[in-house]
Amino acid sequence: MKYDQIPNSLFIKNRKKFMDRMQPKSIAVFNSNDIYPIGADSVLPFEQHRDIFYLSGADQEETILVLFPDANNKKHREILFVRETNEHIAIWEGEKLTKEKATEVSGIETVCWLQDFDKIFFDLMTEAETIYFNTNEHYRQAVETQTREDRFIEKCKREYPAHKVAKSNPILQEIRGIKEPEEIDIMQTACNITEKGFRRLLSFVKPGVMEYEIEAELLHEFVRNKSKGFAYPPIIASGNNANVLHYLENNKPCNAGDLILMDTAAEYANYSSDLTRTIPVSGTFTKRQKEVYNAVLRVKDEATKMLVPGTLWAEYHKECGKLMTSELLGLGLLDKADVQNENPEWPAYKKYFMHGTSHHIGLNTHDYGALKTPMKANMIFTVEPGIYIPAENMGIRLEDDVVIQENGEPFNLMANIPIKADEIEELMNK
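Residues numbered from 1 in each chain as written. Predicted model: local features only at pLDDT ≥ 70, side-chain atom pairs only at ≥ 80, totals over all residues. Heavy atoms only, no water.

Asks: Whenever I open this one, the overall build of the protein chain confuses me. Can you help?
Replies: Looking only at helices and strands, the protein chain has 13 helices and 18 strands in total. For a compact globule of 430 residues, the expected C-alpha radius of gyration is about 22 Å, and the protein chain comes in at 24 Å, within 12% of that figure. Dimensions along the principal axes, computed over C-alpha positions, put the protein chain at roughly 70 × 50 × 40 Å. The 430 residues of the protein chain split such that 55% are buried. Here the contacts in the protein chain between residues at least 6 apart in sequence split such that 71% fall between residues at least 24 apart. (Helix = DSSP H or I, 4+ residues; strand = E, 2+ residues; numbered from the N terminus. Rg over C-alpha atoms; globule rule 2.2 N^0.38 Å. Buried < 20%, exposed > 50% of the residue type's maximum accessible area, 1.4 Å probe, protein only. Contact = heavy atoms within 4.5 Å.)

Asks: Any chance you could explain the domain arrangement of the protein chain here in plain terms?
Replies: Interface size is often expressed as the accessible area that is lost when the parts come together. The domain boundaries assigned to the protein chain delineate domain 1 (8-174) and domain 2 (181-429). Measuring from the centre of the C-alpha atoms in domain 1 to the corresponding centre in domain 2 gives 35 Å. Contacts between the two partners involve 18 residues from domain 1 and, on the opposite side, 17 residues from domain 2. Scanning the region where domain 1 abuts domain 2 turns up 2 salt bridges. A salt bridge links glutamate 182 to lysine 13, with the shortest nitrogen-to-oxygen separation between them at 2.9 Å. For the pair domain 1 and domain 2, the number of links is 11 residue pairs in polar contact (both at pLDDT 80 or more). Elements represented by at least two residues in the side of domain 1 that touches domain 2 include exactly helix H1 (9-19), helix H2 (50-56) and helix H7 (169-176). In terms of residues, the side of domain 1 that touches domain 2 owes the most to one element, H2, which gives 4 residues. For the side of domain 1 that touches domain 2, the per-class residue count stands at 5 nonpolar, 6 polar and 7 charged. (Domains from an automatic or database assignment. Salt bridge = Lys/Arg side-chain N within 4 Å of Asp/Glu carboxyl O. Polar contact = N/O pair within 3.5 Å; in protein donor to acceptor, adjacent residues only side chain to side chain. Nonpolar A, V, L, I, M, F, W, Y, C, P; charged D, E, K, R; others polar.)

Asks: In this structure, what is going on with the pairing of strand E6 (residues 110-113)? I would like to understand it.
Replies: When a strand is regular, its side chains alternate between the sheet's two faces. Of the two faces of E6, the one carrying Thr110 and Cys112 and the one carrying Val111 and Trp113 are both buried. With 4 bridges connecting them, strand E5 (residues 78-82) and E6 associate as parallel partners. Bridge pairing in E6 places phenylalanine 81 opposite cysteine 112. (Pairing = 2+ DSSP bridges.)

Asks: Help me understand the pattern of salt bridges, please; the structure alone is not making it clear to me.
Replies: Pairing is possible between side chains of opposite charge, provided their charged atoms come close. This model, assessed by the stated rule, comprises 40 salt bridges. Here the residues in one salt-bridge network are Glu61, Glu62, Arg83, Glu93 and Lys96, joined through shared partners.

Asks: Which parts of the structure should I look at to understand the UniProt feature "domain: Aminopeptidase P N-terminal" (unreviewed entry) in the protein chain?
Replies: Per the UniProt annotation, the sites labelled "domain: Aminopeptidase P N-terminal" (unreviewed entry) are residues 6-142. The span residues 6-142 shows a helical share of 30% and a strand share of 20%, and its end C-alpha atoms are spaced 31 Å apart. (UniProt positions renumbered as here; feature names shortened; annotations may be inferred.)

Asks: Teacher, can you tell me more about empty space enclosed by the protein here?
Replies: Once rolled over the atoms, a probe with the size of a water molecule shows which space is left empty. Applying the stated criterion to the full structure yields 2 cavities of 30 Å³ or more. Around the largest cavity, the lining residues are Thr194, Gly197, Phe198, Leu201, Leu218, Met262, Thr264, Leu275 and Arg277. If you tally residues by element for the lining of the largest cavity, the top one is helix H8 (residues 181-202), at 4 residues. Among the residues forming the lining of the largest cavity, the class breakdown is 5 nonpolar, 3 polar and 1 charged. (1 Å grid on protein atoms, 1.4 Å probe; cavity = no way out; pocket = protein on both sides within 12 Å on 5 of 7 lines; lining within 4 Å. Points joined across faces, edges and corners; volume = space filled by probe spheres on them.)

Asks: Hey, could you run me through the sheet that holds strand E18 (residues 411-412) in this one?
Replies: For sheets, the rule is that strands pair by backbone hydrogen bonds, running either parallel or antiparallel. One open sheet accounts for 3 strands, arranged E14-E17-E18; its pairing is antiparallel. Single-partner strands in this sheet number two, and they are strand E14 (380-383) and E18. Sheet analysis places E14 next to strand E17 (residues 400-403), joined by 4 bridges and oriented antiparallel. Looking at the pairing, isoleucine 380 lines up with valine 403 of E17.

Asks: How do you make sense of H7 when you look at a structure like this?
Replies: Turn by turn, an α-helix covers 3.6 residues, leaving residues three or four places apart pointing in a common direction. With 6 of 8 residues buried, H7 lies mostly within the body of the structure. Here H7 has its buried residues at Asn169, Ile171, Leu172, Gln173, Ile175 and Arg176.

Asks: Explanation requested: unusual backbone geometry in the structure shown.
Replies: Peptide bonds are trans in most cases, and residues, glycine excluded, mostly fall at negative phi. Of note, the phi angle at lysine 226 is positive, near 75°, even though the residue is not glycine. Non-glycine residue asparagine 393 carries a positive phi angle of around 60°. Looking at the secondary structure, you find asparagine 393 in the loop between strand E15 (386-389) and strand E16 (394-397).

Asks: Can you walk me through the nonpolar core in this structure?
Replies: Counting 93 residues, the largest nonpolar core has Phe18, Phe30, Ile214, Ile260, Ile279 and Ile387 as the members making the most contacts within it. Counting residues per element, this core draws most heavily on H8, which supplies 9 residues. A domain split of this core shows at least three residues from each of domain 1 (8-174) and domain 2 (181-429). Beyond its immediate sequence surroundings of up to four residues, isoleucine 387 is in contact with Val292, Ala295, Val296, Met324, Leu328, Leu331, Leu333, Tyr352, Met394, Gly395 and Ile396. (Core = buried A, V, L, I, M, F, W, Y, C linked by side-chain atoms within 4.5 Å.)

Asks: When you look at the sheet that holds strand E13 (residues 276-280) in this model, what are you seeing that I'm missing?
Replies: Pairing is antiparallel in the open sheet, where 3 strands are placed in the order E9-E10-E13. Of all the strands in the sheet, the pair left with one neighbour each is strand E9 (235-238) and E13. In this sheet, neighbouring strand axes are inclined to one another by 15° on average, regardless of whether the strands run parallel or antiparallel. In the sheet, E9 pairs with strand E10 (residues 259-263) via 4 bridges, with the strands oriented antiparallel. Bridged to isoleucine 235 within E10 is aspartate 263. (Axes fitted to C-alpha atoms, helices over the stretch in contact; angles between N-to-C directions.)

Asks: What should I look at first to understand the packing of H8 against helix H9 (residues 211-223) in this one?
Replies: The relative placement of two packed helices is expressed as an angle between their axes plus a distance between the axes. Between H8 and H9, the shortest axis-to-axis distance is 9 Å and the interhelical angle comes to 140°. The orientation of H8 relative to H9 falls into the category oblique. Of the two elements, H8 crosses H9, and the hand of that crossing is right-handed. For the pair formed by H8 and H9, the contact residues are Ile193, Thr194, Lys196, Gly197, Phe198, Arg200 and Leu201 on the first element and Ile214, Glu217, Leu218, His220, Glu221 and Phe222 on the second. Looking at the contact of H8 with H9, its residues break down into 6 nonpolar, 3 polar and 4 charged. (Parallel < 35°, antiparallel > 145°, perpendicular 65-115°, else oblique. Left-handed = near helix turned anticlockwise from the far one by under 90°.)

Listed below in structure tokens is the structure:
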């Protein structure tokens, strides 16, 4: 891995939080992700399942974590199963986790080879009454591929039909949403790497540059700073491309006078950052572009102030809609009649700002985290309002990642990344 090893104290704390919420005489199992084939002998780069990483730090395929707080044998209360390596694997694939290294990474004393899983698991299931299955219940999930977790659940239901079943997801939603200090530090590193990439662009962008050239500059800067690369597929959208919310082609020229909306950020140690900035191709905003830009920035700044303990996610978004409505009236994009006659299910402002303002961020870009209960300190949210005007050949979105504090306004992990229009113009024209 490119990243520096994470102290195993983080994973020890995370496991304790999970096990403290488990039912008596229950066992929980977490599987690594599959390696997904492309065709012939090609596969996609391995990405660890974020839940097993969150609980163990094990960043390797064919890994299983078992948690059984009430196991009769103390050695069986936490077990990490890893693939046994050999000389052939070492030559062709490189270093894999030894038992000793797995303990060092995870803080788990009992490490077994994966080939022994079925035998040991059967013995543990004779003691357990309930098994926690790790299903994906994220509000945005739309996965069609059968995963390693899915196959494990099917197998368990066949072989252990008398056991009660519980869900890991509600526990993970609760605990993963509130970040430990170590996680905040890791995410700050991801944001700092993102800053380096963005600053690099400000002197690089000029009329005629291709969107994919900007993408290449970012990737270069991210990887040279110990990131695997982008935390999510990069959006480099010039001109009207910015009005396609998930524009991913990045294959058009950037023309003089246009804006470029860049929703791109680095990952670090499997944690995401999430940045959006919109800059002028020619290095200077037009008067109208700056008017719209500053309107978006005002909404972002005011929305950020509302991210405090006790805030409800749904109510927060309603208030953000009111802020945006006021700005759109000021820009002449809406009039009072539009607002008075709006559909409550799709308010008038949605014509120009059709997505949400904030989401949890962490090990996933759209991370796990409670959404129906009041916000708590150390939750990390994006703040990302936008105004999209196809008729004026522009879309503007601005986004930072912020940490909710016990008192006062959130701490902005991206406070050092230029955002004010005048500062961006000054840096682009140095």
